[in-house]
Amino acid sequence: MLLEKAGCLGGASTLRNVLTYCGLYTLADVPRQAVAGIAEEVLQGLRRLDAVTGPQRHRGVFVVFDPEAVKRVLDQLCAEAGVDVCLHAFVAGATRSAGRIVDVAWHDHGGEHRIRARAFVDASGEGDLANRAGAATRYGNDGAVNLGTLGTRFGGVPRDVVISADQVAAAVQAARAAGRGPFSKDRSVMTRLPISGDLVCYLASEDYDPRDSRSQSLAERRGREQAWAYLEVIRSLPGCEKAFIAATGPEFGTREARHIEAVYQLTWRDVVEGRPMADSIGLGAWGVEWHDRTTFESTFVYPPGKAAYEIPLRCLMSHDTANLLAAGRVADADRMAGASLRVMGTAFATGQAAGVAAASLADRGTVDVEAVRRTLRAQGALIEAGQLAAAA
């Protein structure tokens, strides 16, 4: 069973206007695909709909996709796999006994429901399940939490008009000097959606606590105010006079919230030293993309050699809740490794691995690491750095 609080699947890709899959490819001059398996099935579905680009580059390497097509493809894949998908289902509680989760309570407009299971995966982004179940979690890392941004789509910009990040940065700086705004960032990736041609950017940013509705509500309001200010900047550029806001969010793009306290914490030292992981279940290829909550500036640190690194299954396994796994940005990593691991392309790898491991746990009562790795290989996943070299 898959519980989803929204009316569609896809997470940030459909709910937050984050329309760039980062981490699917290495950052080398000639990018190589680092995440396959389920991610490749999604890409194939998007290609059939002409709804995804090839790799593009802005500091990192990413693909751009149409969010409506993502909804359709994920609906189809879940139906084919026999997944019992419950949309509009908000996790509200969990029963814990002897260091394990017994059941989960979830709400819809009909009231409260409960589901018992032998294994659970928290892919909520905010670590809601882990928190409700009393598993050990932490907010950010050592007091540092990555800043959130409101993804914004602008329509009405002709396809033959080329807009660069430098152009936008200069226009924002000029508008700020003239007393207009509010603005938070000057610079962002500027790219186009494959079907509509809408311009996508990630500029409007706010410091907020995603665990707190009042804090997040204020950020949403201020973020939309910023989006309209950025619209005026876009309209000031040649050929963009008729630009309009096609969509904001509809939710703020949270980059970091809770992490589980796992059996092992992936560290940036692991990445820098290229440590092989005996229990590797996927590859990370994105850089340390950090958005500072004080300065609102962003930085990007490349992994050594712009190569992929191995992600251990242990950083997805709760250390104090035996039948709980995590995926995406809920996984356990330090500040720098977490700022790389969190992106959606890499989340395909950790999500697939957590699902396979949960199945092993449900069937066997324990996670058989080698069985998990065999299954992932059979499903087409790339789980060892050497697989990239072998494919070169």
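Everything quoted here is computed from the prediction, not taken from an experiment. (Residues numbered from 1 in each chain as written. Predicted model: local features only at pLDDT ≥ 70, side-chain atom pairs only at ≥ 80, totals over all residues. Heavy atoms only, no water.)

Regarding the overall build of the chain
The following threshold applies: The helix and strand labels rest on DSSP assignments: H or I over at least four residues marks a helix, E over at least two residues marks a strand, and numbering proceeds from the N terminus. We compute the radius of gyration from the C-alpha atoms alone; for a globule the expected value is 2.2 Å times N to the 0.38, where N is the number of residues. With a 1.4 Å probe rolled over the protein chains alone, any residue whose accessible area is under 20% of its type maximum counts as buried; one over 50% counts as exposed, and the rest are partly exposed. Note on definitions: a residue-residue contact is assigned when non-hydrogen atoms from the two residues lie within 4.5 Å. Charged residues are defined here as Lys and Arg on the positive side and Asp and Glu on the negative side; His and the ends of the chain fall outside this count. Charge placement uses NZ in Lys and CZ in Arg. For Asp and Glu, CG and CD serve respectively.
When helices and strands are counted, the chain shows 11 helices and 20 strands. Relative to its length of 392 residues, the chain is compact, with a C-alpha radius of gyration of 21 Å against a globular reference of 21 Å. The C-alpha extent of the chain, read off along each of the three principal axes, is 65 × 55 × 40 Å. A burial count over the chain gives 54% of its 392 residues as buried. Once local pairs closer than 6 in sequence are excluded, the contacts in the chain between residues at least 24 apart make up 72%. Of the side chains in the chain, 44 bear a positive and 46 a negative charge, and the two mean positions are spaced by 1 Å.

Quick look at the environment of asparagine 323
Put simply, the test is: Whenever a nitrogen or oxygen atom comes within 3.5 Å of another N or O atom, the pair is scored as a polar contact, on the condition that within protein one atom can donate a hydrogen and the other can accept it, and that pairs from neighbouring residues in sequence are kept only if both atoms are in side chains.
With respect to the helices, strands and loops of the structure, asparagine 323 is situated in the loop between strand 19 (309-312) and strand 20 (324-326). Under the relative-accessibility criterion, asparagine 323 is labelled buried at 1%. Put simply, asparagine 323 and alanine 357 are 34 residues apart on the chain and 9.9 Å apart in space, counted from C-alpha to C-alpha. Other than its neighbours up to four places away in sequence, asparagine 323 contacts Arg100, Ile101, Ala117, Arg118, Ala119, Phe120 and Leu361. A distance of 2.8 Å separates a polar side-chain atom of asparagine 323 from the backbone oxygen of isoleucine 101.

Here's the deal with the pairing of strand 18 (residues 298-301)
Counted only if it meets this: Criterion used throughout: strands pair if DSSP finds at least two bridges between them.
Pairing geometry for strand 17 (residues 288-291) and strand 18, over 4 bridges, is antiparallel. Directly across from tryptophan 290, in strand 18, lies its bridge partner threonine 299. Between strand 17 and strand 18, which follow one another and run antiparallel, lie 6 residues, and phenylalanine 296 among them has a positive phi close to 65 degrees.

So, the nonpolar core
Keep this limit in mind: We define the nonpolar core as a collection of buried residues of types Ala, Val, Leu, Ile, Met, Phe, Trp, Tyr and Cys that are connected through side-chain atoms lying within 4.5 Å of one another.
Of all hydrophobic cores here, the largest spans 35 residues; its most connected members are Tyr21, Leu24, Val42, Leu46, Val63, Phe65 and Phe348. Apart from the residues lying within four places of it in its own chain, the contact partners of tyrosine 21 are Ser13, Val42, Leu46, Val61, Phe62, Val63, Phe65, Val70, Met344 and Phe348. Counting residues in each nonpolar core, the second largest holds 31 residues, with Ile281, Ala327, Ala354 and Ala358 among its members.

Things to note about helix 10 (residues 369-378)
Listed in full, the buried residues belonging to helix 10 are Ala371, Val372, Arg373 and Leu376. Where helix 10 is buried, its residues touch strand 16 (280-284) and helix 9 (344-364). The residue sitting at the N-terminus of helix 10 and contributing the capping side-chain oxygen is aspartate 368; that oxygen lies 3.3 Å from the backbone nitrogen of glutamate 370. Looking one or two places after helix 10, you find glycine 380, whose phi comes out positive at around 90 degrees.

Structural notes on the state of the cysteines
To be explicit about the condition: Throughout, a disulfide means two cysteine sulfur atoms within 2.5 Å of one another.
Overall, the coordinates contain 0 disulfides when judged by the stated rule. Of all cysteine sulfurs in the structure, the one in cysteine 78 sits closest to cysteine 86, which takes part in no disulfide; the separation is 12 Å.

A short note on the packing of helix 2 (residues 38-48) against helix 3 (residues 67-81)
Just so we agree on the cut-off: Every axis in this analysis is a line fitted to C-alpha atoms, fitted for helices over the stretch in contact. Angles between the N-to-C directions lie between 0 and 180 degrees. For classification, angles of less than 35 degrees are called roughly parallel, those exceeding 145 degrees roughly antiparallel, those between 65 and 115 degrees roughly perpendicular, and all remaining angles oblique. Crossing handedness is defined as follows: a turn of the near helix away from the far one that is anticlockwise and smaller than a right angle gives a left-handed crossing, while the clockwise case is right-handed.
Packing of helix 2 against helix 3 brings their axes to within 9 Å, and their N-to-C directions diverge by 125 degrees. Classed by the angle they form, the pair helix 2 and helix 3 counts as oblique. In this structure, the crossing between helix 2 and helix 3 has a hand that is right-handed. In this structure, helix 2 contributes Glu41, Val42, Gly45 and Leu46 to the contact, and helix 3 contributes Ala69, Val70, Val73, Leu74 and Leu77.

A few points about the side chain of glutamate 4
For clarity, the cut-off: Any Lys or Arg side-chain nitrogen found within 4 Å of a carboxyl oxygen on Asp or Glu counts as a salt bridge.
With respect to the helices, strands and loops of the structure, glutamate 4 is situated in the loop between strand 1 (2-3) and helix 1 (12-15). No salt bridge is formed by the buried glutamate 4; the nearest opposite charge belongs to lysine 5, separated by 6.5 Å. Aside from chain neighbours lying at most four places away, what touches glutamate 4 is Leu9, Leu15, Cys86, Leu87, His88 and Ala89.

With respect to the pattern of salt bridges
A side chain with one charge can pair with a side chain of the opposite charge if their charged atoms come near. One pass over the structure, following the stated rule, counts 26 salt bridges. The partner of arginine 16 in a salt bridge is glutamate 251, with the nearest N and O atoms 3.2 Å apart. Of this pair, arginine 16 sits in the loop between helix 1 and strand 2 (20-22) while glutamate 251 sits in the loop between strand 14 (244-248) and strand 15 (258-260), and the two are 235 residues apart along the sequence. Here arginine 138 makes a salt bridge to glutamate 261, at a shortest N to O gap of 3.5 Å.

Quick word on unusual backbone geometry
In this chain, glycine 181 is followed by proline 182 through a cis amide linkage whose omega measures 5 degrees. Relative to the assigned elements, proline 182 resides in the loop between helix 5 (165-177) and strand 12 (191-192). Of note in the backbone geometry, aspartate 50 takes a positive phi value of approximately 50 degrees without being a glycine. Residue placement: aspartate 50 occurs in the loop between helix 2 and strand 3 (56-58).

Description of the packing of helix 5 against helix 6 (residues 213-235)
Formally: Three categories are distinguished: nonpolar for Ala, Val, Leu, Ile, Met, Phe, Trp, Tyr, Cys and Pro, charged for Asp, Glu, Lys and Arg, and polar for the others, with Gly belonging to the last.
Interaxial distance between helix 5 and helix 6 falls to 9 Å at its minimum, and their mutual angle equals 115 degrees. What the angle tells us is that helix 5 and helix 6 run roughly perpendicular. Between helix 5 and helix 6 the crossing geometry is right-handed. Facing Val168, Ala171, Val172 and Ala175 of helix 5, the residues of helix 6 in contact are Tyr230, Val233 and Ile234. A class-by-class count of the residues in the contact of helix 5 with helix 6 yields 7 nonpolar, no polar and no charged.

Brief notes about helix 3
So the rule is basically this: Working rule for helices: expected span equals 1.5 Å times residues minus one. This arc is taken over the directions from the axis of the helix to the C-beta atoms.
If you check helix 3, its first and last C-alpha atoms are 21 Å apart, about what 15 residues at 1.5 Å a residue would give, namely 21 Å. For helix 3, the complete set of buried residues consists of Pro67, Ala69, Val70, Val73, Leu74, Leu77 and Cys78. Buried residues in helix 3, looked at end-on, bunch into an arc of 160 degrees, giving them a common side. Exposed and oriented more than 90 degrees from the buried face of helix 3 are Glu68, Ala79 and Glu80. Where helix 3 is buried, its residues contact helix 1, strand 2, helix 2, strand 5 (85-86) and strand 11 (148-155). At the N-terminal boundary of helix 3, the capping side chain belongs to aspartate 66, with an oxygen 3.0 Å from the backbone nitrogen of glutamate 68.

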